[in-house]
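Reading the structure
Take a look at the letters that make up each chain.
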Amino acid sequence: MKIAAQVAGKPVSVKQIDEREAALRAGNRASALPRPGTSEGRQLRRWLTQLVVAERVIDDEAAAHGLSERGVPTLDEVLPDTAARLDIGSVAAAVLGTPRARAVFADVTAAVDVSDAEVAAYHTRNPLRFADAQPGPHGWRTRPVAPSLDQVHDRIVAHLRAAARRQAFRQWLDARCAALVELAPGYEHPGDPRQPDNTHKH
């Protein structure tokens, strides 16, 4: 059996990556995917490997802590918009599509919170972030008026806490993968500067 990676000493076969790629290429977005065998095609396989090993890490964590999928946050609650998905990274965003991963997310980030000082500082930097434009004459809207901190305190807390939880989860997942995952040659991280298909330059 050819091995693409190991997670805590357990193999991830090349066949599993082949199957994930085949499923992706059989989907309705196949035309947007790079051709197999090209540099971009190999990078896609590396990304799929990252996804598979991250899923394995999540599964192991959920099993080790006996986490239930009942009552977990929805995907829209965890990743409400494109900015949130970009912020957390493509692998973590893809992993969070499953209830099991969101159960781990809830467990890992349960203690994350924000301070009153952080809330006040955010409001000072972004006074119009949660301002509502008022309707004006003839269907136009008037210039928004900055709300007081008291008026938007809870909305800022929810916004900052959600961002902090996403950051904490991504850092946790990165750390667990770094500790548990060993990648075979040809299946390195897509951003690894040592692999020949990494074309990202500064």
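This text goes with the structure placed above it.
Residue positions within a chain follow its written sequence, with the count starting from 1. Two thresholds apply to this predicted model, a pLDDT of at least 70 for residue-level local features and 80 or more for giving and counting side-chain atom pairs, whereas whole-chain, interface and lining totals are computed over all residues. Here the side-chain values reflect all heavy atoms present in the structure, with hydrogen atoms and water set aside.

Concerning the pairing of strand β1 (residues 3-7)
At least two DSSP bridges between two strands are required for those strands to pair. Secondary structure elements are defined from DSSP: runs of H or I of at least 4 residues count as helices, runs of E of at least 2 residues count as strands, and each element is numbered from the N terminus. Where β1 meets strand β2 (residues 10-13), four bridges bridge the pair, whose relative direction is antiparallel. Within the sheet, the bridge partner assigned to I3 lies in β2 and is S13. Counting the residues between successive antiparallel strands, the hairpin from β1 to β2 contains two residues, one of them, A8, with a positive phi of roughly 55°. Alignment of β1 against strand β3 (residues 181-183), held across three bridges, turns out to be antiparallel. Looking at β3, one finds that V7 is bridged to V181.

A closer look at the pattern of salt bridges
Salt bridges are counted wherever a side-chain nitrogen of Lys or Arg sits within 4 Å of a carboxyl oxygen of Asp or Glu. Evaluated as defined, the whole model comprises 12 salt bridges. The salt bridge partner of E21 is R45, with a shortest N-O separation of 2.6 Å. Pair noted here: E21 is in helix α1 (residues 14-25) and R45 is in helix α2 (residues 39-64), with a separation of 24 residues, a long-range link. Overall, E21 belongs to the buried group, its relative accessible area being 10%. A relative accessible area of 15% places R45 in the buried class. With a shortest N-O distance of 3.0 Å, D192 and R194 are connected by a salt bridge. Residue class for D192 comes out buried when judged on its relative accessible area of 13%. Overlapping salt bridges bring together D18, E21, R25 and R45 as one network. Remark: exposure states derive from per-residue accessible area (1.4 Å probe, protein chains only) relative to the maximum for the residue type, with buried under 20%, exposed over 50%, and partly exposed in between.

Points about the layout of surface pockets
Using only the protein atoms, space was sampled on a 1 Å grid; points where a 1.4 Å probe fits but cannot get out form cavities, open sets with protein on both sides within 12 Å along at least five of seven lines form pockets, and lining residues are those with an atom within 4 Å of a point. Grid points are joined across faces, edges and corners, and a volume is the space filled by probe spheres set on the points. Estimates place the volume of the largest pocket at around 430 Å³. Together, 18 residues line the largest pocket, and Q50, V91, R170, D174 and H189 are the ones closest to its centre. If you list the elements that add at least two residues to the lining of the largest pocket, you get α2, α5 (90-95), α8 (149-180) and β3. With five residues, α8 is the single largest residue contributor to the lining of the largest pocket. Along the lines of polarity and charge, the residues of the lining of the largest pocket split into 12 nonpolar, four polar and two charged. Taken together, R20, L24, G27, N28, R29, A30, A32, L33, L44, W47, L48 and L51 make up the full set of residues lining the second largest pocket. Elements with a minimum of two residues in the lining of the second largest pocket: α1 and α2. Asp, Glu, Lys and Arg are counted as charged, while Ala, Val, Leu, Ile, Met, Phe, Trp, Tyr, Cys and Pro are counted as nonpolar; the rest, among them Gly, fall into the polar class.

Examining α8
Between the first and last C-alpha of α8 there are 44 Å, a value that for 32 residues agrees with the 46 Å anticipated at 1.5 Å per step. We define the bend at each residue as the angle formed by axes fitted to the 7 residues ending at it and the 7 residues starting at it. If you look at α8, its biggest bend is around 35°, right at R155. All of the buried residues along α8 are V152, I156, V157, L160, R166, F169, W172, L173 and C177. In this analysis, the expected span of each helix is defined as 1.5 Å times one less than the number of residues it contains.

Regarding the packing of α2 against helix α6 (residues 99-108)
Their axes nearest at 9 Å, the elements α2 and α6 cross at an angle of 65°. Here α2 and α6 pass one another in a crossing that is left-handed. Contacts between α2 and α6 involve I58, D59, E61 and A62 on the former and, on the latter, R100, A101 and V104. Classifying every residue of the contact of α2 with α6 by side-chain character gives four nonpolar, no polar and three charged. Interaxial angles span 0 to 180 degrees and are taken between N-to-C directions of axes, which are lines fitted to C-alpha atoms, for helices over the stretch in contact. Each helix crossing is assigned a hand: it is left-handed if the near helix lies turned anticlockwise from the far helix by less than a right angle, otherwise right-handed if that turn is clockwise. We call two residues contacting when some pair of their heavy atoms lies within 4.5 Å.

Remarks on the packing of helix α7 (residues 116-125) against α8
Between α7 and α8, whose axes approach to 9 Å, the crossing angle comes to 110°. As the angle between them shows, α7 and α8 are arranged roughly perpendicular. From α7, D116, E118, V119, A120, Y122 and H123 reach across to α8, where they touch L149, V152, H153, I156, V157, H159 and L160. Of the residues that constitute the contact of α7 with α8, the class distribution is eight nonpolar, three polar and two charged. Orientation categories follow fixed angle ranges, with anything under 35 degrees roughly parallel, anything over 145 roughly antiparallel, 65 to 115 roughly perpendicular, and all other angles oblique.

Section: the packing of aromatic side chains
Working definition: rings of Phe, Tyr and Trp (its six-membered ring) pair if their centres are within 6.5 Å, and the pair is stacked with planes under 30 degrees apart, edge-to-face with planes over 60 apart, and tilted otherwise. Scanning the entire structure with this criterion turns up two aromatic pairs. Among the aromatic residues, those joined into a cluster by ring pairs are F105, F169 and W172. Here R129 stacks its cationic end above the ring of F130, 4.6 Å away from the centre of that ring. Should the NZ of a Lys or the CZ of an Arg lie within 6 Å of a ring centre and within 35 degrees of the ring normal, that charge is described as sitting over the ring.

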